[in-house]
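Now for the letters of each chain:
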There are 2 protein chains.
Amino acid sequence: MAKHDSDLSLLFRALADPTRRSILTRLAETPARVTDLAGPTGLRLPTVMRHLSVLEQAGLITTSKDGRIRTCAIVPQALDPVRTWLDEQRDIWEARLDRLDAFVMNVMKEGKE
Amino acid sequence: MAKHDSDLSLLFRALADPTRRSILTRLAETPARVTDLAGPTGLRLPTVMRHLSVLEQAGLITTSKDGRIRTCAIVPQALDPVRTWLDEQRDIWEARLDRLDAFVMNVMKEGKE
DNA sequence: GGAATAGTTAGCGATATGGCTAAGCATGAT
DNA sequence: ATCATGCTTAGCCATATCGCTAACTATTCC
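Small disclaimer: the values here were computed from a predicted structure and weren't measured.

A. Highlighting the pattern of salt bridges. Residues and elements named next belong to chain A. In the structure shown here, the tally under the stated rule is 6 salt bridges over all chains. A salt bridge links D36 to R33, with the nearest nitrogen and oxygen atoms 3.2 Å apart. Exposure remark for R33: the relative accessible area of 34% places this residue in the partly exposed category. With its nearest N and O atoms 3.3 Å apart, the salt bridge here joins D87 to R90. Of the two residues, D87 and R90 are both situated in helix 5 (residues 80–95); the distance of 3 residues between them amounts to about one turn of the helix.

Following this line, the structure appears as structure tokens:
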């Protein structure tokens, strides 16, 4: 299940880690060097590097190296597929709310296990 | 990192699996039994059970048992935290687009590695 | 009661994830 | 040339994930 995963899976997995989300939030302020990103996390450089590569593979950030310094920056449109999927789901879920209501009523009547 | 994870992490991790997303989409149509959900996936029952418990722990579905049949249904508002986080990020990301633009220009000028 | 059905539990194996240290390499400063 | 800085690679360890089979429990049907 880890071979040719969809973009969506890569994105969701990248976002599933608090450290990575905090890195993203930090990068949203301004691009930063790897060391700068490592600081707040309290994690070692190699560990942060791994997080960064996960983020980059998911397309959430880009990095570029100038001399010995690698600078990381967010890719603003990278979250679009997530938003799209979420919107689709909302559409479907709400379209079926009538049936759901019926079901929930039923559950409540019987008591949930 | 797997101990007391935030709701957001649980949600994102639950959504990171294609099988689980397809189960959610299926459940959005109408509540269903475990066996009904297993069918389309081609997976064995215990495997599907595991996916369901991940979804349930993330708060994305509820289940209730009537006799020997367990019925599963989506929890419509469960995606709200995800949407909220996404909206927050969009706000921040776009607020800083000016700086980002400057950075991107810089990168392009130097050639990306 | 006995058999079929629906789900559950236990546990195995392969792989992925998230942390680390140690060592290496390239660049910039002196 | 030497040394400090910044990143990178390799590899280890513990735990988590995702699939499975086998065996068990609980309903329902005949």
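B. Expanded view of the environment of R50(B). By secondary structure assignment, the location of R50(B) is in helix 4 (residues 45–57). Distance in space between the C-alpha atoms of R50(B) and R20(B) is 10.0 Å, their sequence separation being 30 residues.

C. Up close: the protein's contact with DNA strand D. In the region of DNA strand D, 23 residues are neighbours, and T35(A), M49(A), R68(A), R13(B) and H51(B) sit closest. When the atoms of DNA strand D within 4 Å of the protein are sorted by group, sugar and phosphate make up 76%. Here a phosphate oxygen of DNA strand D sits 3.1 Å away from a polar atom, N or O, in the side chain of R33(A). Measuring from a phosphate oxygen of DNA strand D, one finds a side-chain N or O atom of R70(A) at 2.5 Å. Only helix 3 (34–41), helix 4 (45–57) and strand 3 (69–74) of chain A together with helix 4 of chain B provide two or more residues apiece to the surface near DNA strand D. Element by element, the count of residues in the surface near DNA strand D is highest for helix 4 of chain B, at 4 residues. Looking at the surface near DNA strand D residue by residue, the classes come out as 9 nonpolar, 4 polar and 10 charged.

So, how was this worked out
Residues numbered from 1 in each chain as written. Chains lettered and ligands numbered in written order. Predicted model: local features only at pLDDT ≥ 70, side-chain atom pairs only at ≥ 80, totals over all residues. Heavy atoms only, no water. Salt bridge = Lys/Arg side-chain N within 4 Å of Asp/Glu carboxyl O. Buried < 20%, exposed > 50% of the residue type's maximum accessible area, 1.4 Å probe, protein only. Helix = DSSP H or I, 4+ residues; strand = E, 2+ residues; numbered from the N terminus. Near = heavy atom within 4 Å. Polar contact = N/O pair within 3.5 Å; in protein donor to acceptor, adjacent residues only side chain to side chain. Nonpolar A, V, L, I, M, F, W, Y, C, P; charged D, E, K, R; others polar.

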